[in-house]
Protein chains: 2
Amino acid sequence: MSGHKYHFDVTMSCSGCSGAVNRVLTKLDGVSNIDISLEKQTVDVATVDSLDYDTVYNTIAKTGKKINSGKVVE
Amino acid sequence: MSGHKYHFDVTMSCSGCSGAVNRVLTKLDGVSNIDISLEKQTVDVATVDSLDYDTVYNTIAKTGKKINSGKVVE
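Quick caveat: nothing in here was measured; it's all calculated off a predicted structure.

Of the residues lining the interface, twelve residues belong to chain B; the matching set on chain A comes to twelve residues. When the two sides are added together, the surface that chain B and chain A hide from each other amounts to roughly 920 Å², 53% of it contributed by carbon and sulfur. Between chain B and chain A we count zero salt bridges in total. Summed over the shared surface of chain B and chain A, the result is four residue pairs in polar contact (both at pLDDT 80 or more). Its residues assigned to classes, the side of chain B that touches chain A comprises four nonpolar, four polar and four charged.

And the structure:
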């Protein structure tokens, strides 16, 4: 098994908010899958091995959305 | 007179979107005033002399919001 899975709880009010998070993660090198739920207020990101948690965290933080919690799942 | 004024047309769907843009600009050194209109879909930023257009543009772009146009007003 390789790669990481990161989970974040993010305040997103509308599809414009979740779309913005999706857009920045799509542009981030090493992201292999993105699963965003506006209903659950969650962002799940799968990445290659070399992409670390802090980089993903900071990319989401730069959207200006509030990250309520985050963790490394794998 | 000193400082700059920059104007951007940004797609923002809700107050969560405009709040996110406001949050990242508030954190940017050299920003002296921010005027965001969700109704008009506009972001007006006043800055000190040393803060250039590209830096402000890139900060907004990193929110994942679509910038439809932007210009230096002053």
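That covers the picture; the talk isn't over yet.
A word on helix H1 (residues 15-26) of chain B. For H1 of chain B, built from twelve residues, the straight-helix expectation of 16 Å at 1.5 Å per residue is met to within 8% by its first-to-last C-alpha distance of 16 Å. Among the residues making up H1 of chain B, those that are buried are Gly 16, Cys 17, Ser 18, Ala 20, Val 21, Val 24 and Leu 25 of chain B. Where the residues of H1 of chain B are buried, they touch helix H1 (15-26) of chain A together with strand S2 (31-37), strand S3 (42-47) and helix H2 (53-61) of chain B.

Considering the arrangement of structural elements, one finds Val 24 of chain B in helix H1. Here the alpha-carbon distance between Val 24 of chain B and Lys 62 of chain B, two residues 38 residues apart in the chain, equals 9.0 Å. Once residues within four sequence positions are removed from consideration, Val 24 of chain B is found in contact with Lys 62, Thr 63 and Gly 64 of chain A together with Thr 59 and Thr 63 of chain B.

The rules we used
- Residues numbered from 1 in each chain as written.
- Chains lettered and ligands numbered in written order.
- Predicted model: local features only at pLDDT ≥ 70, side-chain atom pairs only at ≥ 80, totals over all residues.
- Heavy atoms only, no water.
- Contact = heavy atoms within 4.5 Å.
- Buried area = accessible area lost by both parts, 1.4 Å probe.
- Salt bridge = Lys/Arg side-chain N within 4 Å of Asp/Glu carboxyl O.
- Polar contact = N/O pair within 3.5 Å; in protein donor to acceptor, adjacent residues only side chain to side chain.
- Nonpolar A, V, L, I, M, F, W, Y, C, P; charged D, E, K, R; others polar.
- Helix = DSSP H or I, 4+ residues; strand = E, 2+ residues; numbered from the N terminus.
- Expected span 1.5 Å × (residues − 1).
- Buried < 20%, exposed > 50% of the residue type's maximum accessible area, 1.4 Å probe, protein only.

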